[in-house]
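Reading the structure
The residues making up each chain are set out below.
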Amino acid sequence: MRYLFIAIAATFFFIFSIGAQVTGAAQAPPESVFQQLQRTASGVRTLSSDFVQEKHLSMFKTVVSSKGRFNFNKPDQLRWEITAPVASGFVLKGDKGRRWHAHTGRTESFQISQEPVMKLVADQLLSWAQADFARIQKEYRITVLDDAPVSLRLEPTSATTAGFLRYLLVSFSPDGRYVRTVEVHEQDGDFTRIKFVNTAVNKPLKADLF
Amino acid sequence: MPVPSCTIFERLYRFLATRRRALFGTTILLVILATLASTRLHIEEDIAAMLPDDGSSVAKDFELLQLAPFTRKVVITLSGGEGTDPATLSAAADRLAASLAGAGVSKVTTGPDSAAGGLFRWLGSTLGSLAGEEELSRLGTMSTGAEVQKRLRASYESLLSPEGWALKGSIQNDPLSFSAVAMEKMRFLNMIPHLRLVDNHFMSADGKNALVVLDSTVSMTDSDGSRKLLERIRQGVAKSLPQGVSATVISGHRYTLVNADTIKGDLALILTVTSVAVLGIYFFFLRSLSAVFVFLVPSSILVIASGVMACLDSNVYALTLGFGGVLLGIADEYAMLIYFSCRQGGKDIGTITGEVARPVLFGAAATLLSFGVMMISALPGQRELAIYSMIGIVASVAISLVVLPHLVKPLPQAAVPAARLDLMPRLPRRLVIGVWLGILLLCGWQTTKVRFNGKLSAVSMVTSELKEAEDQVAKTWGDVRGKALVFAEGPDLDAALAVNDRLFARLGKRFAPGELVSIAPLLPSSALQEENRQRWISYWKDGRAARLAADLGREGEALGFSGDAFKPFLERLSTPPPAATEEGMRAAGMEELVNSLIVRSPGGVRVLTMVPDTPEAIASLSEELKGIPGVRLVSQTRFATQMSGAIVHDFTRYLTITCILVFALVAIIFRNPRRIALVLVPVVTGLVCSLGIMGMLGMEFNIFNIAATILIIGLCVDYGIFTVCRLTEGSTHAADRAVLVSGLTTLAGLGALALARHPSMHSIGMTVLLGIGTGIPAALLVIPALCREEES
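In what follows, the accompanying structure is described. Computed from a prediction, not measured in an experiment: that's the story for all the values here.

So, on to the interface of chain A and chain B. In this assembly, 30 residues from chain A lie in contact with 26 residues from chain B. Buried surface at the junction of chain A and chain B, summed over both partners, amounts to about 2800 Å²; 65% is from carbon and sulfur atoms. Joining chain A to chain B, the criterion identifies four salt bridges. Of the charged contacts in the structure, one is a salt bridge between lysine 168 of chain B and aspartate 188 of chain A, with a shortest N-O distance of 2.4 Å. Elements that contribute at least two residues to the side of chain A that touches chain B include exactly strand E1 (46-56), strand E2 (64-73), strand E3 (77-84), strand E4 (88-93), strand E5 (96-101), helix H3 (116-130) and strand E10 (179-186) of chain A. Per-element tally for the side of chain A that touches chain B: the top contributor is H3 of chain A, with five residues. Taken together, the residues of the side of chain A that touches chain B break down into 15 nonpolar, eight polar and seven charged.

The next thing to look at is helix H19 (residues 464-477) of chain B. Residues and elements named next belong to chain B. The terminal C-alpha atoms of H19, which comprises 14 residues, lie 20 Å apart, in line with the 20 Å expected from a rise of 1.5 Å per residue. Along H19, the residues classified as buried are Leu466, Ala469, Val473, Thr476 and Trp477. For H19, the arc enclosing every buried residue in end-on projection is 95°, short of the 170-degree limit, so these residues lie on one face. When the buried face of H19 is taken as reference, the exposed residues oriented beyond 90 degrees from it are Ser464, Glu468 and Lys475. Along its buried surface, H19 packs onto strand E2 (73-80), strand E4 (195-198), strand E5 (201-204), strand E6 (209-216), strand E7 (245-250) and helix H11 (252-286). Two residues or fewer after H19 comes glycine 478, characterised by a positive phi angle close to 90°.

Let us look at the pattern of salt bridges. Evaluation of the coordinates by the stated rule reveals 41 salt bridges over all chains. With a shortest N-O distance of 3.1 Å, aspartate 551 of chain B and arginine 554 of chain B are connected by a salt bridge. Linking aspartate 551 of chain B with arginine 554 of chain B, this pair stays in helix H21 (residues 526-559), spanning three residues, or about one helical turn. On the basis of relative accessible area, aspartate 551 of chain B is assigned to the buried category, the value being 15%. The network of salt bridges with common partners includes Glu54, Glu183, Arg193 and Lys195 of chain A.

With that out of the way, let us pick up the nonpolar core. Taken as a class, soluble globular proteins show a tendency for nonpolar side chains to be buried jointly. By size, the foremost hydrophobic cluster in this structure holds 263 residues, and its most contacted members are Trp80 and Phe133 of chain A together with Phe178, Trp540 and Phe561 of chain B. Among the elements that take part in this core, helix H28 (residues 703-728) of chain B stands out by supplying 17 residues, more than any other. Sequence-distant contacts of tryptophan 80 of chain A, defined by excluding residues within four places in its chain, comprise Phe51, Arg69, Phe70, Ser88, Gly89, Phe90, Leu125, Ile194 and Phe196 of chain A together with Pro162 of chain B. Counting 23 residues, the second-largest nonpolar core is a separate cluster that includes Ile76, Ala93, Val237 and Leu241 of chain B.

Residue and element names in this part refer to chain B. Axis separation between helix H12 (residues 290-312) and helix H14 (residues 333-344) bottoms out at 10 Å; the angle between their running directions is 160°. Between H12 and H14, the angle falls in the class roughly antiparallel. For H12 against H14, the interelement crossing comes out right-handed. On the side of H12, the interface is formed by Ser290, Ala291, Val294 and Val297, while H14 contributes Ala335, Met336, Tyr339 and Arg343. Its residues assigned to classes, the contact of H12 with H14 shows six nonpolar, one polar and one charged.

Thresholds, definitions, all that
Residues numbered from 1 in each chain as written. Chains lettered and ligands numbered in written order. Predicted model: local features only at pLDDT ≥ 70, side-chain atom pairs only at ≥ 80, totals over all residues. Heavy atoms only, no water. Contact = heavy atoms within 4.5 Å. Buried area = accessible area lost by both parts, 1.4 Å probe. Salt bridge = Lys/Arg side-chain N within 4 Å of Asp/Glu carboxyl O. Helix = DSSP H or I, 4+ residues; strand = E, 2+ residues; numbered from the N terminus. Nonpolar A, V, L, I, M, F, W, Y, C, P; charged D, E, K, R; others polar. Expected span 1.5 Å × (residues − 1). Buried < 20%, exposed > 50% of the residue type's maximum accessible area, 1.4 Å probe, protein only. Arc of directions from axis to C-beta. Core = buried A, V, L, I, M, F, W, Y, C linked by side-chain atoms within 4.5 Å. Axes fitted to C-alpha atoms, helices over the stretch in contact; angles between N-to-C directions. Parallel < 35°, antiparallel > 145°, perpendicular 65-115°, else oblique. Left-handed = near helix turned anticlockwise from the far one by under 90°.

As structure tokens, then:
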């Protein structure tokens, strides 16, 4: 009986130690991947891209697709605009922001710091646009799924974010200069996929965009 | 005419004359024991000393005023200079909060407990229990076909925006933004008018200031603990704040520390100056080694009174000990009379002691009576002062009559020139009486100008630095502390909430949300919530829920929503909504608000409402709220008025009782209307002049002036008795010298008290200085002028 107990314990120990090694490897991605991404991103001054967003939500009968355009000007200017099926969007410039809805014709200004949800969104968009991994690593446990091109899985570390966000999947362009796809997976199984297409790096942007 | 004598002291003197070693040994032992006992004393700088503890409305109001939000908290305002952005301030606030956590600090708050999401969910889910008729009517307007289309489209747009994944849950549960109706109820919970939430931090409207609030375990009246706490905050501020960001700290601890430090500094100054001045006067007038013994009498009684107090109760108010300086100065008139009489000699010391014992005992009885009246005071500080003073007076009389005669040697008769004994110059009688009457009339007229100030700040030390800090906090955050408090009381929370509902029903119509702070809109009583629930259910049952479901289905279909996209929302319309509870509010991030507005105490719960503290509002509310049982209004401005009323009432009562008792005593002793009137001349002069000059100088009368007034009566009666005994019973001029020198020592002692920075001590000093300063010339000049024929 005693031998049986030792055998079971040894088996469990073996299984868990393998698991720990796997998990440990996944939680500690090679620093060179981030360094490489950050190095290539450091040369990015502007980004301009079209995007297609797919909402896979149980609230909708089918997948809802929308199209829009994204512009980024280092360090903190960003324009996110949906052009179809409804026209709306926002512009961020430092701590200040402006949003609009075409169907109401209303434009309103806001301060990012006073809108918790908008701040969360702005932080995310700017972190990815700047490839600010120091900031991202504070909030997510990152697993490198692929390194050519780089593909990452991010799980939130804070309980508040984990309340509605399960994980993110982020894929970079082959040269690592910009994000090609983002998938936001929620706790209830819903997810949103955003594909960035026609991305232009360091193309001069009109000042009035922001 | 033979001088009346108290033979018991004469006999006691003769008995002890052969046992002097035992007498001196016992006295020294007594003083040593008292010194040892006094080391047990623990000095308290507690405001409770100045507040009635008789269960009156004033004491109760003060107790309730302490329950106001932020009263027991440490409020730190971080201010950034030009160009400092809110992010820098909020980061500094977080760093400071992290550095302050630990001993003496139970909680540090820089923002609401959680993000706004929880609050919206809670508001949305409990709306059915909170919405009254008016809100239901508004929801009806928000549920029309056109509105459903417009609102659903806005929700759809939000879902497509990057914020959408964070808002999905809210949209499923509340696609038409019904929670906005509940959100409006939050307007009644704005306790800090100029507060904004920036990045989940408390910020001022201009974004230039951040707020950090500390809950401390250190009692507000604990000066040592306050010192340590404020030092920790100072170090935390120095360590955590970047250049260009400064901190302003406001809390009761700062007031306690300022007052404690001021009183301690004053005590050192007063005791030093008084001791030096009294010693100087003794040596100037007495120029004898025996004077050392006279000086030792007041020193000894100070120690004895402190020692006895330590045996009665080791906790003594600092102000009581501060008064020791005065006692040291005033309690020497008995020793002085014995000393001068014995030094003058001419008779056997035993006989002299017996003769002098009469005026000494009469004077002491009158002084004890006047202090004894203070024992009926509602203020614990005044009662303690009375006990302390009476112990000192009894000790002074005992040492003066029993010990001192054995220590004073009479001067040889040739060494006592008659001119030195008759101290006061013989001024024209009519001139003295005329000037006296003139001053009395002028001062009597000016007494009507004396104003009573019941504000505790009038007897509390408030430095300009503290005042500036208070002004800055008020300017930055709005009138946080200047609101009147209305308490809805009940044996349990629900009973108190029911009272609070009735209160809000009255006040909600009267004050705008910014003026009125009440938890009633978000936490009604269970009865009102049940009423709301029933109304909610019947409202939606009446075909409205079905119509809304159909509209939502149709509009949702057009936008691509699935059939059960808004199932949670529609279910809420047809099922009884959950109750809004205190726990729910806490979980939704409103813990700080709940803690501020719901106060539990043994035997009951109080729910707090805040209203503007203007005289007009308080006057009308005082009457109006009488009609709601269980409601109590407490206002700072009304409290000050009530305190003033209490002071006037106390003062009138003291003055009346003391005057009656002292008059009765003097009447029993002298049994002659003319002599009685003469004895009372210094008292009347001292009282009228002190009050008159205070009125003339625009000085206000506070609770400490009452103690001072009693002192004037006690001392001036002594002077009157000594002088009248000297004039009418054939005593020697030693009485005049005793009155003058002991009067000077009193003025020296009180002069030092008037130097005090602390308003309470300064008040006592100034008042008695005026009273005694006029009472002494009245005794030495006016009484002889009025009774010259009797003297002759």
